[in-house]
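# Inside the fold
The primary structure of each chain is shown beneath.
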Amino acid sequence: MYTMLLAHLGAALIGPVLVRAMGRSAFFLLALVPAASAAWLATIDPRGLAENPLEVSVPWIPAFDIHLSFRLDPLSWVLAMIATSIGAIVLLYCARYFKDTEPGLGRFAGVLTAFAGAMIGMVLADDVMVLYTFWELTTVFSYLLIGHYQDKQSSRRAAMNALISTTAGGLAMLVGLLMIGAQAGSLNLSDILASSMWADAGPYLVVAVLLILAGAMSKSALIPTHFWLPGAMAAPTPVSAYLHAAAMVKGGVYLILRFGPALTHMEALSMVIAGFGAATMILGGWRALRQTDIKLLLAYGTVSQLGFLSAVAGLATHDALLAALSMLIAHAVFKAPLFMVVGIIDKKFGTRDLRVLSGVGKVAPMVAVIGIVSAASMAAVPPLFGFVAKEALFTALWNGEPWHRLLLIALVAGSILTVAYSWRFAHGSFGTAPGAPPVERPSIPVLFWLPPAAVALFSVVLVVLASPLEKILRGFSSVLPETGEEVHLAVVPHLGVPLLASVVALGVGALLCVFAKPFARFQKKVSPQTWANDEVLDRIDAERGFRRVMRAVDSVSIAVTPLFQRGSLPYTLGTMLLVLILLVTPIAVSQSSVPDNLVLFHHPVELIILPVAALAALGAARSRRRLRAVFLISVTGYAVAILFLAAGAPDVATTQVLVETAMTVVLVLVLRRLPTHFSRRPLRIGAWGRWAIAIATAVVLCGAALYAADARYLEPLGPGLIETAYTIGGGHNVVNVALVDARVWDTMGEISVLLVVATGVASLIFVTRREQTISRVRDLDSRTSIWRRRNDSALPQNALDFDARPDDVSGGNRWRTWLSAGLTLAPERRMVILEVVTRIAFPLMMMFSLYLLMAGHNLPGGGFAGGLVAGLALALRYLAGGRYELSEAAPVQAGFVLGTGMAIAVAAGVLPVLMGGNVFSTATPVVEVPLLGELHFPSALIFDVGVYLVVVGVILDFLRTLGSQIDQQQEVESDAG
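Residues numbered from 1 in each chain as written. Predicted model: local features only at pLDDT ≥ 70, side-chain atom pairs only at ≥ 80, totals over all residues. Heavy atoms only, no water.

### Quick notes on the nonpolar core
- Core analysis: the biggest nonpolar cluster contains 200 residues, and Phe27, Ile180, Tyr242 and Leu411 have the highest contact counts within it.
- The element that contributes the greatest number of residues to this core is helix 17 (residues 318-349), accounting for 22 residues.
- Other than its neighbours up to four places away in sequence, Tyr242 contacts Ala83, Ile86, Gly87, Val90, Leu112, Phe115, Ala116, Met119 and Ala247.
- Among the nonpolar cores identified, the runner-up in size contains 46 residues, and Ala870, Val897, Ala940 and Tyr948 belong to it. (Core = buried A, V, L, I, M, F, W, Y, C linked by side-chain atoms within 4.5 Å. Buried < 20%, exposed > 50% of the residue type's maximum accessible area, 1.4 Å probe, protein only. Helix = DSSP H or I, 4+ residues; strand = E, 2+ residues; numbered from the N terminus. Contact = heavy atoms within 4.5 Å.)

Structural data, given as structure tokens:
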């Protein structure tokens with residue numbers, strides 16, 4: 001199962017590359033991944049999974065008892081088979097649906113493949129946190145797919161509606177899952193559902209299950225969140241075919257089916273689901289009959305069918321579950337080809353409006369056969385599988401509880417509407433439209449109609465396979481109690497009320513088809529859009545209500561945000577500090593006096609350093625020059641580094657010095673675009689207020705530190721980590737081992753933040769995108785001078801005439817420099833001493849950075865410190881030789897370095913899993929090297945290399961954005977002046 005999920009992840013990552021290399025034909029290769037997954041699932045006998053499900057589990061977050069647990073039982077086997085097989089066919093369909101020139105096709109291919117993997121992971125997940133993770137991944141991927149056409153407002157709005165609606169339900173579901181996990185004492189879904197707590201379910205469990213059902217209902221678009229699903233039609237048609245038939249919306253139905261053992265003890269909740277499901281079925285069918293866009297018609301049909309499925313799945317009986325599963329399969333095999341047929345019509349005839357589609361069935365008979373067979377199965381026309389599944393469903397309802405028969409009446413009414421909109425689709429798509437000219441005969445490639453034909457064929461084939469399919473489905477339904485006579489998937493139905501219900505649905509539905517125009521007039525007359533005003537519509541229309549809520553949220557945020565976010569950094573920081581003071585002070589006042597075990601100082605050097613740091617901080621606060629304030633702040637940072645060193649923490653002290661130096665460089669670069677002096681503030685009350693907040697914050701933080709130290713009641717962890725760091729992590733440097741081994745997830749989060757910060761800085765400077773090319777000296781013109789004086793400056797002409805090209809081009813007649821790009825600087829901008837120092841120091845600093853990287857596991861250093869030293873070496877090259885010198889020192893894009901570092905860090909976590917271990921497992925192989933002896937190579941070094949590259953990439957990005965890019969802007973301004 002891990003291999004199947006990782007295969008989808010790998011295919012999603014290489015999908016954009018394949019599309020770039022092969023165009024739309026790359027979808028053929030991508031389809032192999034879900035096809036192979038389906039083939040593997042097909043080799044497993046699902047009947048044996050009922051007693052012996054396949055289970056795999058590895059620790060993910062052991063401290064919270066969270067495992068990457070997956071379980072394959074009959075229910076997950078059915079859903080996974082649907083997701084993989086239809087996923088493969090939809091990918092094949094994409095190969096002819098799109099053109100090679102489709103914008104964003106590579107991104108679409110990767111996201112759609114990842115979407116299939118997320119759906120598979122969701123139905124296989126056994127740990128509730130893993131389930132929730134994949135649940136939200138399907139939400140995110142559907143958001144990206146629905147919003148594929150980024151230039152269309154309708155696509156963006158539909159994607160946002162789907163994201164907000166399903167995410168809100170997902171958060172409610174998460175709370176419910178955590179509640180039942182806490183009650184059961186396990187986060188494994190299989191253990192939770194097998195727990196004896198359900199036999200005596202009190203209000204606590206009822207509330208928890210209600211929250212879970214809220215997530216399921218929002219995912220499967222039940223009332224009142226049904227509006228997001230028709231809006232999702234803004235997505236490309238392959239997305240609709242997969243999302244409606246095999247993924248995303250089926251997630252809610254799956255969750256209801258999965259919680260069947262719990263719902264058997266909560267009949268009231270079954271009634272709630274049945275009520276919402278029946279109402280959704282009728283509303284969806286009613287709205288489908290009013291659509292003229294055949295794709296939108298099918299979308300409302302999906303809403304109707306999801307209500308149908310949810311209503312029966314929520315009954316949680318043996319027969320109802322069997323019928324619901326069979327209907328779920330029937331829905332998948334008729335809805336996917338219907339949407340793919342719509343895609344063919346849209347692409348080949350240029351419209352989806354059934355009022356102008358005339359004669360499509362004559363010019364495209366194969367497409368018409370696929371669409372009509374699938375629509376007939378949707379309408380439950382015998383002997384197609386849709387009829388077999390619906391007949392079993394009606395039988396289960398008739399044989400159930402008395403209130404089940406009331407539900408049967410409601411579902412028969414919904415089925416009447418299903419027959420009517422199925423006919424509306426078939427006739428509107430393939431019949432003759434009054435007053436519309438016949439469509440022209442198009443050329444439809446075989447590979448365009450073959451995928452929907454392959455799926456539609458199952459509406460016929462499954463009728464023959466009804467008996468073995470029933471045995472498979474009973475593997476899961478057998479866990480629920482039986483009620484009355486057992487239901488079968490019968491090809492030839494028995495005489496009785498269920499058959500009569502089917503006859504009524506088909507007969508009355510046929511009458512609605514005959515009297516379609518009068519019924520349409522009736523619908524228009526009773527529709528709220530006809531007689532209601534805007535105020536009433538806002539109250540009864542779900543989508544309008546959703547928009548009203550969103551507008552209210554916007555209004556509140558607009559009113560509240562200016563109170564706290566005024567665009568003033570001092571105001572924002574002051575607000576934060578005031579909240580801190582107000583929260584801590586009442587608690588501090590209630591405490592006892594200062595602890596009596598207070599130690600004034602540990603080392604005599606503190607008596608010297610602390611006054612220096614205090615004076616530097618006061619000087620920075622009172623300084624009017626920005627540059628002076630920056631250097632004074634740096635003094636406080638270096639003072640803290642000395643304190644760390646005095647306390648016996650050389651690793652932390654080294655990192656502090658390097659970070660402080662790098663920050664000073666960055667701040668100096670920023671100051672070039674800011675005024676020399678801080679602005680004067682005329683009101684002295686403002687100055688006194690700032691001083692008061694600053695002093696009060698200092699007192700609060702120092703007091704909190706004192707009381708926190710006094711509150712310790714356990715022995716420090718430090719001494720116990722020394723031996724553990726070596727025996728488990730394979731290193732003597734406890735700090736580094738903790739960062740890249742014990743707390744590796746923290747470090748992963750930190751470097752992710754660094755990457756985001758670098759991206760944000762680049763976005764602010766470049767505005768739209770990063771600089772795409774690296775300017776090298778060899779690419780420059782023969783006469784180059786940057787940062788030159790203006791034309792009226794008095795400078796000898798020969799001082800400005802120099803050749804920056806290499807000797808083999810310039811003929812050897814050029815100035816000699818210590819740096820590769822030294823001649824690109826105007827003479828008045830050069831510092832020869834700095835160039836000489838840089839020429840000598842740069843290789844030494846780079847070697848020292850590699851030493852820190854390699855030695856960090858046993859000695860002070862590590863990837864972070866090494867990366868900082870390498871970054872400072874690049875900063876030195878830039879300060880000495882300008883932006884071209886930086887390009888010579890690092891002729892690569894910062895984004896490439898950042899991405900490579902993050903990829904290596906991720907690989908350090910994934911590779912142990914592929915080798916049978918856990919995420920970020922540590923190994924320390926020993927290698928015998930001549931002369932050097934035994935060398936230890938801890939696997940954590942791979943992660944440290946990733947950290948090293950991320951830090952280098954961040955500093956390089958800062959130098960490119962805050963340095964060379966601003967240089968270029970100032971050069972343009974200088975030329976303009």
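### Side note on the packing of helix 20 (residues 385-398) against helix 21 (residues 402-430)
- As a packed pair, helix 20 and helix 21 sit with axes 8 Å apart at the nearest point and diverge in direction by 155 degrees. In terms of orientation, helix 20 and helix 21 fall into the roughly antiparallel class. Contacts between helix 20 and helix 21 involve Lys390, Leu393, Phe394, Leu397 and Trp398 from the former and His404, Arg405, Leu407, Leu408, Leu411, Val412, Ser415 and Thr418 from the latter.
- Its residues assigned to classes, the contact of helix 20 with helix 21 comprises eight nonpolar, three polar and two charged. (Axes fitted to C-alpha atoms, helices over the stretch in contact; angles between N-to-C directions. Parallel < 35°, antiparallel > 145°, perpendicular 65-115°, else oblique. Nonpolar A, V, L, I, M, F, W, Y, C, P; charged D, E, K, R; others polar.)

### Comments concerning the confidence of the model for the protein chain
- A residue-level look at the protein chain finds 91% of positions with pLDDT of 70 or above and a mean pLDDT of 85.
- Confidence drops under pLDDT 50 across residues 795-800; counting only partners more than four residues distant or on other chains, this segment forms six contacts.
- pLDDT under 50 marks residues 809-815. Its contacts with residues more than four places away, or in other chains, come to 16 contacts. (pLDDT = per-residue confidence, 0-100.)

### Points about the packing of aromatic side chains
- Within the structure shown, the criterion is met by 15 aromatic pairs.
- Ring plane angle 65 degrees and centroid distance 4.9 Å describe the contact between Phe98 and Phe108, whose orientation is recorded as edge-to-face. Residue Phe98 is found in the loop between helix 5 (74-97) and helix 6 (105-124), and its partner Phe108 is found in helix 6; the two are separated by ten residues along the sequence.
- Judged by relative accessible area, Phe108 falls into the buried class, the value being 1%.
- A centroid spacing of 5.7 Å and a plane angle of 75 degrees characterise the contact between Trp286 and Phe519, whose relative ring orientation is edge-to-face. (Phe/Tyr/Trp six-rings, centres within 6.5 Å; stacked < 30°, edge-to-face > 60°.)

### Here's the deal with the side chain of Thr237
- With respect to the helices and strands, the residue Thr237 is situated in helix 12 (residues 237-245).
- At 3.4 Å, the side chain of Thr237 forms a polar contact with the side chain of Tyr97.
- Setting aside residues no more than four positions away along its own chain, Thr237 makes contact with Tyr93, Tyr97, Lys295, Phe339 and Gly343. (Polar contact = N/O pair within 3.5 Å; in protein donor to acceptor, adjacent residues only side chain to side chain.)

### Points about unusual backbone geometry
- Cis peptide bonds are those with omega within 30 degrees of zero, and the linkage from Ile223 to Pro224 qualifies with 10 degrees.
- Tracing the sequence through the fold places Pro224 in the loop between helix 10 (203-219) and helix 11 (228-231).
- Here the amide bond leading from Pro382 into Pro383 is cis, since omega sits at 5 degrees, within 30 degrees of zero.
- Within the fold, Pro383 resides in the loop between helix 19 (365-378) and helix 20.
- Positive phi outside glycine occurs at Asp65, with the angle close to 60 degrees.
- By secondary structure assignment, the location of Asp65 is in the loop between strand 1 (54-61) and strand 2 (66-72).
- The class for Asp65 is partly exposed, based on a relative accessible area of 41%.

### Details of a nonpolar patch on the surface
- A contiguous nonpolar surface patch, about 920 Å² in accessible area, is contributed by Leu6, Leu9, Leu13, Ile14, Val17, Val906, Val910, Leu911, Leu914 and Met915.
- Looking at the nonpolar patch, the elements that each hand over two or more residues are helix 1 (2-22) and helix 42 (894-914).
- The biggest single contributor to the nonpolar patch is helix 1, with five residues.
- In this structure, Val906 sits in helix 42.
- Its relative accessible area of 39% is what places Val906 among the partly exposed residues. (Patch = residues over 30% accessible without salt bridge, like charges linked within 9 Å, V, L, I, M, F, W, Y side chains within 5 Å. Areas by Shrake-Rupley, 256 points an atom, 1.4 Å probe, with all protein chains shown as cover. Salt bridge = Lys/Arg side-chain N within 4 Å of Asp/Glu carboxyl O.)

### Some words on the environment of Ile164
- Residue placement: Ile164 occurs in helix 8 (residues 153-184).
- Judged by relative accessible area, Ile164 falls into the partly exposed class, the value being 28%.
- As for Ile164 and Val419, which are separated by 255 residues in sequence, their C-alpha atoms are 33 Å apart.
- Setting aside anything within four residues of it in sequence, one finds Ile164 in contact with Phe546 and Met550.

### Structural notes on the environment of Gly231
- By the secondary structure assignment, Gly231 is in helix 11.
- A sequence separation of 634 residues divides Gly231 from Ala865, and the C-alpha atoms of the two residues are 51 Å apart.

### Thoughts on the pattern of salt bridges
- Under the criterion given, the structure shown has nine salt bridges.
- Across the pair Arg352 and Asp293 runs a salt bridge whose closest N-O atoms are separated by 3.0 Å. With Arg352 in the loop between helix 17 and helix 18 (360-363) and Asp293 in the loop between helix 15 (267-288) and helix 16 (294-313), this pair connects stretches of sequence that are 59 residues apart.
- Under the relative-accessibility criterion, Arg352 is labelled partly exposed at 21%.
- Notably, a salt bridge pairs Glu885 with Arg877, separated by 2.6 Å at the nearest N-O pair. In this structure, Glu885 and Arg877 share a single accessibility class: buried.

### Observations regarding the packing of helix 8 against helix 29 (residues 542-564)
- At a closest axis distance of 12 Å, the pairing of helix 8 and helix 29 adopts a crossing angle of 85 degrees. Considering the angle they form, helix 8 stands roughly perpendicular to helix 29. Contact residues: helix 8 offers Arg157, Asn161, Ile164 and Ser165, while helix 29 offers Glu543, Phe546, Arg547 and Met550.
- Within the contact of helix 8 with helix 29, the residues separate by chemical class into three nonpolar, two polar and three charged.

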